Amino acid sequence: MTLSMALIWYFASIHLIFLLSIPKNVAHLQFNASVQEKTRCMKKERVALLSCKQKLVDEFDILSPWETDVNCDCCNWRGVECTNTTTTHHHIIRLDLHGSYNNERHLMGEVGSSLTQLSHLNYLDLSSNLFDRIVCEDIASLIDLIYLNLSHNNFATLVPPHLAWEPFKIVCS
């Protein structure tokens, strides 16, 4: 065996020993990071958003980017903002589904009770849409909610006054 072949075998053996000595969780770190990045939002909250979407009429495809794939990250969806923490899963804290103020682009239908699953939600803007129904008791159950905007909608019933007494800012008209 020549010297060059011996050196190649020597370095290949060292390289192989090094690769085999890396712990399995470190060897797959990059793969796991990409999966975690893809599934950043909580599954329960992603399901809640998709359930809410089913009750809405979206003639302008505003929510069309909201994917039903179980590995998609709802934190990247239009109108959705999540906590920015170092944990692998993030909670939805902001949902901004306001329509255009001239009603050129809007959502219609019923705001579903599935929003109650967004227990960390602190900002909810549903203004300038053509919603006809919202279950106000469900909105009142969102204890972290600080800002709520329901203005410029077609609610068949009035928003109960007790919501205005809750510890958050409410905008209704």
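Residue positions are counted from 1 within each chain, in the order its sequence is given. Only residues with pLDDT of at least 70 are given local features in this predicted model, and only at 80 or more are side-chain atom pairs given and counted; all residues enter the totals for whole chains, interfaces and linings. Excluded from the side-chain calculations are hydrogens and water; all other atoms, namely the structure's heavy atoms, are used.

Basically, it comes down to this: UniProt positions are given in the numbering used here, feature names are shortened, and annotations may be inferred rather than shown by experiment.
Going by an unreviewed UniProt entry, the protein chain carries the name Leucine-rich repeat-containing N-terminal plant-type domain-containing protein and comes from Citrullus colocynthis. Taken verbatim from the UniProt record of the protein chain, the Subcellular location (unreviewed entry) comment is "Membrane".

### Some words on the overall build of the protein chain
Under the convention used in this document: Secondary structure elements follow DSSP: runs of H or I no shorter than four residues count as helices, runs of E no shorter than two count as strands, and numbering proceeds from the N terminus. Relative accessibility decides the category of a residue: with a 1.4 Å probe and only protein chains considered, values under 20% of the type maximum give buried, values over 50% give exposed, and everything between is partly exposed. Whether two residues are in contact is decided by their heavy atoms, any of which lying within 4.5 Å being enough. Note on areas: Shrake-Rupley with a 1.4 Å probe; residue coverage comes only from the protein chains shown.
A tally of helices and strands in the protein chain yields five helices and eight strands. Secondary structure elements of the protein chain occur, N-terminal to C-terminal, as α-α-α-α-β-β-β-β-β-β-α-β-β. Of all 173 residues assigned to the protein chain, the portion counted as buried reaches 34%. Of the contacts made within the protein chain by residues no fewer than 6 positions apart, 55% connect residues no fewer than 24 positions apart. Accessible area of the protein chain: about 10700 Å², with a carbon and sulfur share of 60%.

### Observations concerning the sheet that holds strand 6 (residues 130–134)
So the rule is basically this: Here the rule is simple: two strands pair whenever DSSP picks up at least two bridges between them.
In spatial order, the strands read 1-4-6; together these three strands make up an open sheet with mixed pairing. With partners counted over all chains shown, the strands left at the sheet margins are strand 1 (56–57) and strand 6, one partner each. Pairing geometry for strand 1 and strand 4 (residues 108–111), over two bridges, is antiparallel. Following the sheet pairing, Val57 is matched in strand 4 by Met108.

### Quick look at the confidence of the model for the protein chain
Any region with low pLDDT has predicted coordinates that should not be read closely. Just so we agree on the cut-off: Values of pLDDT, which run from 0 to 100, indicate the predictor's confidence residue by residue.
Chain-level statistics for the protein chain give a pLDDT mean of 76 and a share of 66% at 70 or above. Put simply, helix 2 (residues 24–27) is where the protein chain has its lowest mean pLDDT, 43, and strand 3 (residues 92–96) is where it has its highest, 96. Low pLDDT, under 50, characterises residues 24–37; the stretch is placed with three contacts to residues that sit more than four places away or in other chains.

### With respect to the nonpolar core
Inclusion rule: The criterion is simple. A nonpolar core is a set of buried Ala, Val, Leu, Ile, Met, Phe, Trp, Tyr and Cys residues joined through side-chain atoms within 4.5 Å.
Ranked by size, the top nonpolar core spans 34 residues in total, and within it Leu49, Trp66, Leu95 and Leu124 carry the most contacts. Looking at this core, the elements that each hand over two or more residues are helix 4 (43–54), strand 2 (80–82), strand 3, strand 6 and helix 5 (136–140). Discounting chain neighbours no more than four positions away, the residues touching Trp66 are Leu49, Leu50, Lys53, Trp77, Arg78, Val80, Leu95 and Leu97.

### A word on the pattern of salt bridges
Proximity of charged atoms lets side chains of opposite charge pair with each other. Cut-off, in case you're wondering: Salt-bridge detection follows one rule: a side-chain nitrogen of Lys or Arg within 4 Å of a carboxyl oxygen of Asp or Glu.
Under the definition given, this model contains three salt bridges. Here Glu110 ties to Lys55 by a salt bridge, and the two come within 3.9 Å at their closest N and O atoms. Note that Glu110 is positioned in strand 4 and Lys55 in the loop between helix 4 and strand 1, a separation of 55 residues in sequence. A relative accessible area of 25% means that Glu110 is categorised as partly exposed. Between Arg94 and Glu81 there is a salt bridge, with the nearest N and O atoms lying 3.8 Å from each other. Of this pair, Arg94 sits in strand 3 while Glu81 sits in strand 2, and the two are 13 residues apart along the sequence. What makes Arg94 partly exposed here is its relative accessible area of 28%. Using a relative accessible area of 39% as the deciding quantity, one classes Glu81 as partly exposed. Connected via shared salt-bridge partners are Lys55, Glu110 and Arg133.

### Notes on helix 4
Short version of the rule: Multiplying one less than the number of residues by 1.5 Å gives the expected span of a helix.
Across its twelve residues, helix 4 extends 17 Å between first and last C-alpha, which sits within 8% of the 16 Å expected from 1.5 Å per residue. Buried within helix 4 are the following residues: Glu45, Arg46, Ala48, Leu49, Leu50 and Cys52. Residues of helix 4 that are buried sit in contact with strand 1, strand 2 and strand 3.

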